Amino acid sequence: MVEFFSTLQSYFSVELVRNAFIVSVFISVAASLLGVTLVLKRFSFIGDGLSHTAFGAMAIATVLRLTNSNLFVMPVTILCAVILLRMNNSKKVKGDASLAVISVTSMALGYFLMNICNVKANVSGDVCSTLFGSTAILTLTPSDVWLCIGSSILVVLVYIFYYHNIFAVTFDEEFAKASGINVNLYNTMIAVISAVVIVLAMNLVGSLLITALVVFPALAAMKVCSSFKKVIITASIFAVLTSSIGMLISILLSTPVGATIVLVELAVYFIFAIVGMIKK
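Described below are features of the structure shown in this document. (Residues numbered from 1 in each chain as written. Predicted model: local features only at pLDDT ≥ 70, side-chain atom pairs only at ≥ 80, totals over all residues. Heavy atoms only, no water.)

Let us now look at the overall build of the chain. Secondary structure summary: the chain contains 13 helices and 0 strands in total. When the helices and strands of the chain are placed in sequence order, the string is α-α-α-α-α-α-α-α-α-α-α-α-α. When the 280 residues of the chain are sorted by exposure, 49% land in the buried category. For the chain, the proportion of contacts with a sequence separation of at least 24, taken over those separated by at least 6, is 76%. Total accessible area computed for the chain in this model is approximately 13800 Å², and 69% of it derives from carbon and sulfur atoms. (Helix = DSSP H or I, 4+ residues; strand = E, 2+ residues; numbered from the N terminus. Buried < 20%, exposed > 50% of the residue type's maximum accessible area, 1.4 Å probe, protein only. Contact = heavy atoms within 4.5 Å. Areas by Shrake-Rupley, 256 points an atom, 1.4 Å probe, with all protein chains shown as cover.)

Have a look at this one:
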């Protein structure tokens, strides 16, 4: 046990490891809060579609050799989030169809460009790292860290100050409209927050595993809680717990960060499911 803590202390004496751990916790909390709303509104498909879109945008940014890819990836992903939301509300093209069109096209375009342009020697390795997470989480710059922390705190503040309106829009849009709440504005805000969180989380778990980061905490909390407020709080605790354990395992055993966190979330989710069954 002493050797374990000594090894852990040696790792956390490195600033890059501390930054990765801090970022993973903050991003997980933001994703969990967002996930509760998306799951209850049946918008969880947006997370999957936007993660694929972000991959395509990142590939384009790589081809263009942009120094800060987020300056390109973030606006493109936000635009696609709003488009997905509008198409989901459309009577002609529903959410699942728009998701298929945008996500598959983005993935295909991104992989096509990275192969054709040959901007990097190991294209397959770069693509795999982008899809499933990579060691980029351990090479974050101070500006990246503060961007993640600031964005996560902003998400938390939005949920605190607009809790009642988000609650109304989440459960009953017709009632929200009758109460004078601008439903379109809040849906757009949710879509924009989704895009921001997903772009920031790509370095943590990769574009293909982001959906788990958004959905698992919400589903687990719903297994044991019955009120919206309790679900939000429990989902946040679940996210912090699983991301911390996943990061520790990844650091100590040198396993892939994204896959490790998702597998830890899956294991803890089953525990919550069993507790929920016992409560019922």
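Having seen the structure, we can now continue with the description.
Looking now at the nonpolar core. Judged by nonpolar contacts, the single largest core of 77 residues is most densely connected at I27, V36, L50, V73, V197, I232 and F238. Residue contributions to this core peak at 13 residues, all from helix 10 (residues 183-205). Non-local contacts of I232, meaning those with residues more than four positions away in its chain, are made with L33, V36, Y159 and Y163. (Core = buried A, V, L, I, M, F, W, Y, C linked by side-chain atoms within 4.5 Å.)

You can see T234 is positioned in helix 12 (residues 228-253). Residue T234 is classed as buried on the basis of its relative accessible area of 16%. Leaving out residues up to four positions away in the same chain, T234 has contacts with A221, V224, C225 and F272.

In this section: the packing of helix 12 against helix 13 (residues 257-279). One way to put it is that helix 12 packs onto helix 13 with a least axis distance of 8 Å and a crossing angle of 135°. Put simply, helix 12 runs oblique to helix 13. Judged by the sense of rotation from one axis to the other, the crossing of helix 12 with helix 13 is right-handed. Along the contact surface, helix 12 presents T234, F238, T242, S243, I245, G246, M247, I249 and S250, while helix 13 presents V257, T260, I261, V264, E265, V268, Y269 and F272. Looking at the contact of helix 12 with helix 13, its residues break down into 10 nonpolar, 6 polar and 1 charged. (Axes fitted to C-alpha atoms, helices over the stretch in contact; angles between N-to-C directions. Parallel < 35°, antiparallel > 145°, perpendicular 65-115°, else oblique. Left-handed = near helix turned anticlockwise from the far one by under 90°. Nonpolar A, V, L, I, M, F, W, Y, C, P; charged D, E, K, R; others polar.)

Turning to the packing of aromatic side chains, a few remarks are in order. Throughout the structure, instances matching the rule amount to 9 aromatic pairs. Residues F216 and Y269 carry aromatic rings whose centres are separated by 5.7 Å and whose planes lie at 50° to one another, so their mutual orientation is tilted. Residue F216 is located in helix 11 (residues 210-224), and its partner Y269 is located in helix 13; the two are separated by 53 residues in the primary sequence. Of the two residues examined, F216 and Y269, each falls in the buried class. Feature note: the residues Y163, F167, F171 and F228 constitute an aromatic cluster, connected by ring pairs. In this structure, K229 is placed above the aromatic ring of Y163, and the distance from its NZ or CZ to the ring centre is 5.6 Å. (Phe/Tyr/Trp six-rings, centres within 6.5 Å; stacked < 30°, edge-to-face > 60°. Lys NZ or Arg CZ within 6 Å of the ring centre and 35° of its normal.)

Attention now goes to helix 7 (residues 142-161). For helix 7, spanning 20 residues, the distance from its first C-alpha to its last is 28 Å, which sits close to the expected 28 Å at 1.5 Å a residue. When helix 7 is considered as a whole, its buried residues turn out to be V145, C148, I149, S151, S152, V155, V158 and Y159. (Expected span 1.5 Å × (residues − 1).)

Right, let's get into the environment of T242. Here T242 is to be found in helix 12. Within the structure, the side chain of T242 is placed 3.3 Å from the backbone oxygen of A239, a separation counted as a polar contact. (Polar contact = N/O pair within 3.5 Å; in protein donor to acceptor, adjacent residues only side chain to side chain.)

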